[in-house]
Amino acid sequence: MVPCAGDLNNRLSRWATLFALAVCLTVAGCGDDSAVIWTAKEKSPDGLWVAIANVRQYGGPGQAGLYTEVNLARVGEEKHLMQVISLNVGSVREPHVDLHWPTNKHLEVTYYGDAKIDFQAVRSSGLDISLRHWPN
Amino acid sequence: MGNLEVPNPVWWVDSQDEAAPVPTPGGLLDGLPSSDPGSSLHLLMDPKDIATIDGLPTTVTEGARWGKPMATLPAGPDPEEYARRGEMAGRVLLSPTTPDGNTELAGPLYMAQDLLEFRKGASLDAQAYGAPPAYGNYTFGVYNAAAGISLPDALDMANTYGKFRSQYHRPDMDPKYTSIPGENVQNITRGYNDYKNGTLRRRP
């Protein structure tokens, strides 16, 4: 009789998954199973600030995720990012965000398509931040 | 254990569905006509052989003939592909020895190999084919259900992997599986339940 999948008892299921996961993690090694798949930068007109948008894709068993973050930094200090917007993006096929500085003190971010707003700052370091949605 | 109720994933657009999904046995048997209830012969046969029993050229994924296909299945491998992979893993897990005479470690090692294929950009990563993240997690649920892994164990696996390999800094992490977002838990559960309930969606 050929055993049928779906008949695994709990003990075997637990042991097998633990062992399989241990092997998987050992082979996969350390580090983050994610990558920035799209990025954009836009400097303010006076050149003091830079807005940086990243789309990060997560992979791995049960880890799929796609998130867009917009950060602000002083020009020359890009290692010290201040997150101002975070979006949970529905699909990688959609365009992402546009960054625009109408004035030295105002960053305008436009996002396209379906996305859930996880975090939105309206003011940071004396800068106004506005978020607009442009449906597909 | 009972099935959990979860909301539809974001790529689900039921308003576009013209008919409710036709319940089918799921996995290898999904898309095939109901077998003789008194016979379990179909469990031992290659699905291709079953599909040609009546002499009609068809395949197990031909939804147009056996059930109304869903219009909103996203890019990426069909859920049945994941079901097949999971069923194969389940069979190897249950075998005391492999056909090659290897030890019982072969099952977990086989499954570990599949888990590695879910990594970013690997062959079972649906996102690598352009599918949305929700579908990527849905297929992981399908795979585990087909392999016979319990839902809590499948979610534990995802959570543990997330703890070591995914540096999420999200406000919407799951309250129980704290290393992955709640949305991932919902979509894994959805795929798991759809396989168990025989309601996997098929390509047109």
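Structural data are supplied above this passage.
The model shown is predicted, which means the values in this text are computed figures rather than measured ones.

With 42 residues of chain A at the interface, the matching set in chain B holds 52 residues. For the side of chain A that touches chain B, the secondary-structure elements that each account for two or more residues are α1 (10-28), β1 (34-43), β2 (49-58), β3 (65-74) and β7 (115-120) of chain A. It is α1(A) that contributes the most residues to the side of chain A that touches chain B, 14 residues altogether. Across the side of chain A that touches chain B, the residue classes tally to 22 nonpolar, 13 polar and seven charged.

For a regular strand, side-chain orientation follows a simple rule: the groups alternate between the two sheet faces. Residues and elements named next belong to chain A. Bridge count between β1 and β2: nine bridges; the pairing is antiparallel. Bridge pairing in β2 links Glu42 to Ala51. Where β1 folds back onto β2 in an antiparallel hairpin, the turn is made up of five residues, including Gly47, whose phi is positive at roughly 75 degrees.

Residues and elements named next belong to chain A. Spatially, β1-β2-β3-β4-β7 is the arrangement adopted by the five strands of the open sheet, whose pairing is antiparallel. Bordering the open sheet on either side are β1 and β7, each of which pairs with just one other strand. The mean inter-strand angle of the sheet, taken between neighbouring strand axes irrespective of direction, is 20 degrees. Here 10 bridges tie β2 to β3, and the two strands are oriented antiparallel to one another.

As a further point, take the environment of Tyr67(A). All names here are of chain A. For Tyr67, the location among the structural elements is in strand β3. Distance from Tyr67 to Leu87, taken between C-alpha atoms, is 5.6 Å for residues 20 residues apart in sequence. Those residues within four positions of Tyr67 in sequence are excluded, and the remaining contacts are Arg56, Ser86, Leu87, Asn88 and Val89.

Residue and element names in this part refer to chain B. The terminal C-alpha atoms of helix α7 (residues 182-197) lie 22 Å apart, and with 16 residues this matches the ideal 22 Å at 1.5 Å per residue to within 8%. Regarding α7, the residues found buried are Glu183, Asn184, Val185, Gln186, Asn187, Ile188, Thr189, Arg190, Gly191, Tyr192, Asp194 and Tyr195. A positive backbone phi angle near 70 degrees is found at Gly198, which sits one or two residues after α7.

Analysis parameters
- Residues numbered from 1 in each chain as written.
- Chains lettered and ligands numbered in written order.
- Predicted model: local features only at pLDDT ≥ 70, side-chain atom pairs only at ≥ 80, totals over all residues.
- Contact = placed C-beta atoms within 7 Å.
- Helix = DSSP H or I, 4+ residues; strand = E, 2+ residues; numbered from the N terminus.
- Nonpolar A, V, L, I, M, F, W, Y, C, P; charged D, E, K, R; others polar.
- Pairing = 2+ DSSP bridges.
- Axes fitted to C-alpha atoms, helices over the stretch in contact; angles between N-to-C directions.
- Expected span 1.5 Å × (residues − 1).
- Buried ≥ 20, exposed ≤ 12 C-beta atoms within 10 Å, placed from the backbone.

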